[in-house]
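For reference, the chains in residue letters:
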Amino acid sequence: MKRLLAIELQKIWKNRASRILTISYFVILSFIAMIASIKFDIGNLKFHLAEMGIFNFPFIWHFNTYIAAILKLFLAIVIVSMMANEYSYGTLKQNLIDGMSKQEFVLSKFLTVVLFALASTVFVFVMSLILGYSFSSYTELGIVFSDLEYLLAYFVKLVGFFSFCLFLGVLVKRSAFAIGFLFVWNILEGIANGVLSFKIFPKSETAANIMQFFPLEAMSNLIVEPFTKLSIIRNIKTTIGANDIKDYDVHFTSILIVLIWTALFVFFSYKIIKKGTCSSIINQFLKKT
């Protein structure tokens, strides 16, 4: 496994665009710390984000993982390019000629996906500890290390999303088209959600129960938005008489759904590579029928 991972990392590091995107991702990720410096003083109105409790333990685990997950597209481009370059430069065929099996080839890509997700998770963990101990009003160990399930959800979310990108790279074989397909799929899920929520099952939870099985929606459900969880927002809701019944927890069902999708993406990636191309799969099917 170390050999396979070393090969992939060498390919990424030698590619200038992938190297820049990877470094930029972690640099921009560290900019979350700059949120603490946002401060507005307009007359009697004083607005300081750090004082609103966004870096308080354990809320910071929820907040930072949610914000960091938004930036995952940077590494998604690296993952898609990693696969597309195999076809563009002919390194896929060369690797197979050199003795690497197709199983090992797909495994090497998946190990890279897991490594990126793990590195990002560790980075967010360390950064959250630093910010939390710098700004949090609560530093007791029991409070600091509670709600760490958000880090698990973040890791699973990245692995699932990057596996989806890997599958698109194998399926489409062109970086731009694969990223475009990703956006199109996101739009299609949005349309499906709208149709189910407002046309077929209005004023019902049936639409949400169905949408939770869609890949991108399942990943989104792992970490819901944390902003309405802030005490200042809750106080405003209480003042205006709004009831807050939103569920902010990380659920095992959501994790399981994403893990199943991850396994499917990797499996279908292997099947496509094993058969050669999608067209060859279709042609073989037509011949058999």
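Refer to the preceding data block for the structure.
Residues numbered from 1 in each chain as written. Predicted model: local features only at pLDDT ≥ 70, side-chain atom pairs only at ≥ 80, totals over all residues. Heavy atoms only, no water.

**Examining the nonpolar core**
And step 1. In this structure, Y25, L29, I79, Y154, F161, F162 and F164 are the most contacted members of the largest nonpolar core, which totals 72 residues.
And step 2. Sorting elements by how many residues they give to this core places helix α8 (residues 149-172) first, with 15 residues.
And step 3. Apart from the residues within four sequence positions on either side, F162 is in contact with K72, L75, A76, I79, V113, F116 and A117. (Core = buried A, V, L, I, M, F, W, Y, C linked by side-chain atoms within 4.5 Å. Buried < 20%, exposed > 50% of the residue type's maximum accessible area, 1.4 Å probe, protein only. Helix = DSSP H or I, 4+ residues; strand = E, 2+ residues; numbered from the N terminus. Contact = heavy atoms within 4.5 Å.)

**Overview of helix α3 (residues 59-70)**
In an α-helix, one turn spans 3.6 residues, which is why side chains three or four residues apart end up on the same side.
And step 1. An ideal rise of 1.5 Å per residue puts 16 Å on 12 residues; α3 measures up with 17 Å between its terminal C-alpha atoms.
And step 2. Among the 12 residues that make up α3, 10 are buried, leaving the element largely enclosed by the rest of the structure.
And step 3. Buried positions along α3 lie against α2 (16-29), α6 (102-135), α7 (141-144) and α8. (Expected span 1.5 Å × (residues − 1).)

**What about the pattern of salt bridges?**
And step 1. This structure, assessed with the given rule, holds 5 salt bridges.
And step 2. For K109, the salt bridge goes to E8, with nearest N and O atoms at 2.7 Å. Of this pair, K109 sits in helix α6 while E8 is found in helix α1 (residues 2-14), placing the two residues 101 residues apart along the sequence. Both residues of the pair, K109 and E8, count as buried.
And step 3. Here K11 and E86 are joined by a salt bridge, their closest N and O atoms 2.7 Å apart. Residue K11 is found in helix α1, and its partner E86 is found in helix α4 (residues 73-88); the two are separated by 75 residues along the sequence.
And step 4. For E86, a relative accessible area of 2% translates into the label buried. (Salt bridge = Lys/Arg side-chain N within 4 Å of Asp/Glu carboxyl O.)

**Observations regarding the packing of α8 against helix α9 (residues 175-200)**
And step 1. For the pair α8 and α9, interaxial distance at closest approach is 9 Å and the crossing angle is 125 degrees. With respect to α9, the element α8 is oriented oblique. Crossing hand, α8 versus α9: right-handed. Across from F161, F164, C165, L168, G169 and V172 in α8, the residues of α9 making contact are F177, A178, F181, L182 and W185. (Axes fitted to C-alpha atoms, helices over the stretch in contact; angles between N-to-C directions. Parallel < 35°, antiparallel > 145°, perpendicular 65-115°, else oblique. Left-handed = near helix turned anticlockwise from the far one by under 90°.)

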